[in-house]
Amino acid sequence: MMDTVDRGLVHALQIDGRTSFRSIAEVLGVSENTIARRYRQLRNTYALRVIGLVDGRRLGYVQWTIRLRCTPDAAGSVAKALAVRDDTSFVYLLSAGTEVSCTVQTRSTQEQETLLLHKLPRTSRIVAMSAHLLLRGFMLPDGWQGLSALTPDQVDHLRPAPADSEDGPVHLDEGDKTLLRALSHDGRTPYSDLATATQWSETKVRRRMDTLRRNGILRYQLDIPSAALDFGTEARLWIATQPAAAVTVGEAVARHPEVSFAALTTGATNLVAAVNCRDPHDLGRYLTERIAELSGITTVESAPVIRAVKRAGSFVL
């Protein structure tokens with residue numbers, strides 16, 4: 001079981017995945033060596049990682065959430081095939097293992113057409129597919145309240161400077177791409193190792209990472225199983241609302257502490273959400289009380305998560 005130091009460390013890494021162990025130790029009132037040791041223990045016990053993610057919106061990429069229904073013998077292999085792709089995240093087996101959901105970030109119209117119109121529909125063991133374009137995020141995993149363990153003052157001490165809101169094209173050269181690939185495996189990779197990978201100086205690595213972060217290209221996301229935080233039941237929700245109520249309902253859902261992701265989408269349902277509950281009874285209460293009290297909802301479809309195959313960026317073996 002995690003104690004208060006572990007939970008404080010996890011929350012600190014959610015706020016800023018690159019924050020130093022010294023800064024975390026200062027706000028928690030323990031030694032830097034204690035934080036380093038606890039971090040290693042959390043990695044070994046719960047596969048905790050910090051992932052460096054590329055926010056493709058600044059590069060003109062688009063995101064889709066995909067739901068696949070497969071033959072009973074195929075869902076596991078389809079999920080694994082999707083998980084090894086570098087353009088997918090949050091790949092889950094749902095509903096007794098016959099459904100797969102995932103998020104896909106496509107870099108071009110050609111990539112989009114290849115995956116959504118040709119490759120997936122022609123896979124014989126996929127019997128149904130729906131693809132929903134993500135239009136607006138109301139809650140992202142790095143804002144999930146379920147990780148909260150620090151006081152507002154401690155959060156303010158650790159919070160990084162906000163990214164610039166300026167629009168415009170951003171050019172990534174081969175060195176940037178090498179840097180981002182390394183951070184996608186481990187967002188806390190030491191600067192010395194990043195310098196070796198990019199063949200840059202450590203000073204240039206630090207400067208470029210700061211620039212990419214300020215521009216909103218690079219962000220860090222904590223990757224840890226919900227069960228490690230005592231949320232043993234996960235589910236995906238597809239919510240249909242009256243058009244005029246979609247934003248209001250999406251914002252209300254995003255304020256629920258059970259929700260780690262909520263977005264406006266295209267499709268027959270116009271909202272998708274990821275829910276983390278203590279147990280099935282807690283999920284039932286959430287659906288019949290918290291969701292039911294929101295006006296403007298016409299239908300709600302829920303599917304329990306059976307197994308995570310890939311989360312923010314890690315392939316879960």
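Quick look at the structure, then. (Residues numbered from 1 in each chain as written. Predicted model: local features only at pLDDT ≥ 70, side-chain atom pairs only at ≥ 80, totals over all residues. Heavy atoms only, no water.)

## Quick word on the overall build of the protein
Stated formally: Helix and strand assignments follow DSSP, with helices taken as H or I runs no shorter than four residues and strands as E runs no shorter than two, numbered in order from the N terminus. Radius of gyration: over C-alpha atoms. The globule rule applied is 2.2 Å multiplied by the number of residues raised to the 0.38 power. The classification of residues rests on relative accessible area computed with a 1.4 Å probe and restricted to protein chains. Under 20% of the type maximum is buried, over 50% is exposed, and intermediate values are partly exposed. A contact between two residues is defined here by any heavy atoms of the two lying within 4.5 Å. Computed with the Shrake-Rupley method and a 1.4 Å probe, the accessible areas treat only the protein chains shown as cover for residues. Residues scored as positive are Lys and Arg, those scored as negative are Asp and Glu, and His as well as the terminal groups of each chain are ignored. Every charge is mapped to an atom, namely NZ of Lys, CZ of Arg, CG of Asp or CD of Glu.
Broken down by element type, the protein carries eleven helices and ten strands. Relative to its length of 317 residues, the protein is compact, with a C-alpha radius of gyration of 20 Å against a globular reference of 20 Å. Oriented by its inertia axes, the alpha-carbon framework of the protein measures out at about 50 × 45 × 40 Å. The buried share among the 317 residues of the protein stands at 49%. Once local pairs closer than 6 in sequence are excluded, the contacts in the protein between residues at least 24 apart make up 77%. Within the structure as shown, the protein displays about 15500 Å² of accessible surface, and the carbon and sulfur contribution to it stands at 50%. With 38 positive and 35 negative side-chain charges, the protein shows a separation of 4 Å between the mean positions of the two kinds.

## Examining helix α3 (residues 32-46)
Convention followed: The length a helix should cover is 1.5 Å for every residue beyond the first.
Helix length check: α3 (15 residues) gives 21 Å between terminal C-alpha atoms against 21 Å at 1.5 Å per residue, within 8%. Among the residues making up α3, those that are buried are T34, I35, A36, R38, Y39 and L42. In the core, the buried residues of α3 are packed alongside α1 (4-15) and α2 (21-28). Backbone geometry just downstream of α3 places A47 in the positive-phi region, at approximately 60 degrees.

## Some details on the packing of aromatic side chains
Under the convention used in this document: Here is the rule: rings of Phe, Tyr and Trp (six-membered ring for Trp) pair when centre to centre is within 6.5 Å. Planes less than 30 degrees apart are stacked, more than 60 are edge-to-face, and the remainder are tilted. Consider the ring centre and the ring normal. A charge sits over the ring if Lys NZ or Arg CZ is within 6 Å of that centre and within 35 degrees of that normal.
Counted by the stated rule, this structure contains two aromatic pairs. A cation sits over an aromatic face here: R18 above Y191, 4.6 Å from the ring centre. A cation over an aromatic ring shows up here: R107 above the ring of Y61, its NZ or CZ 6.0 Å from the ring centre.

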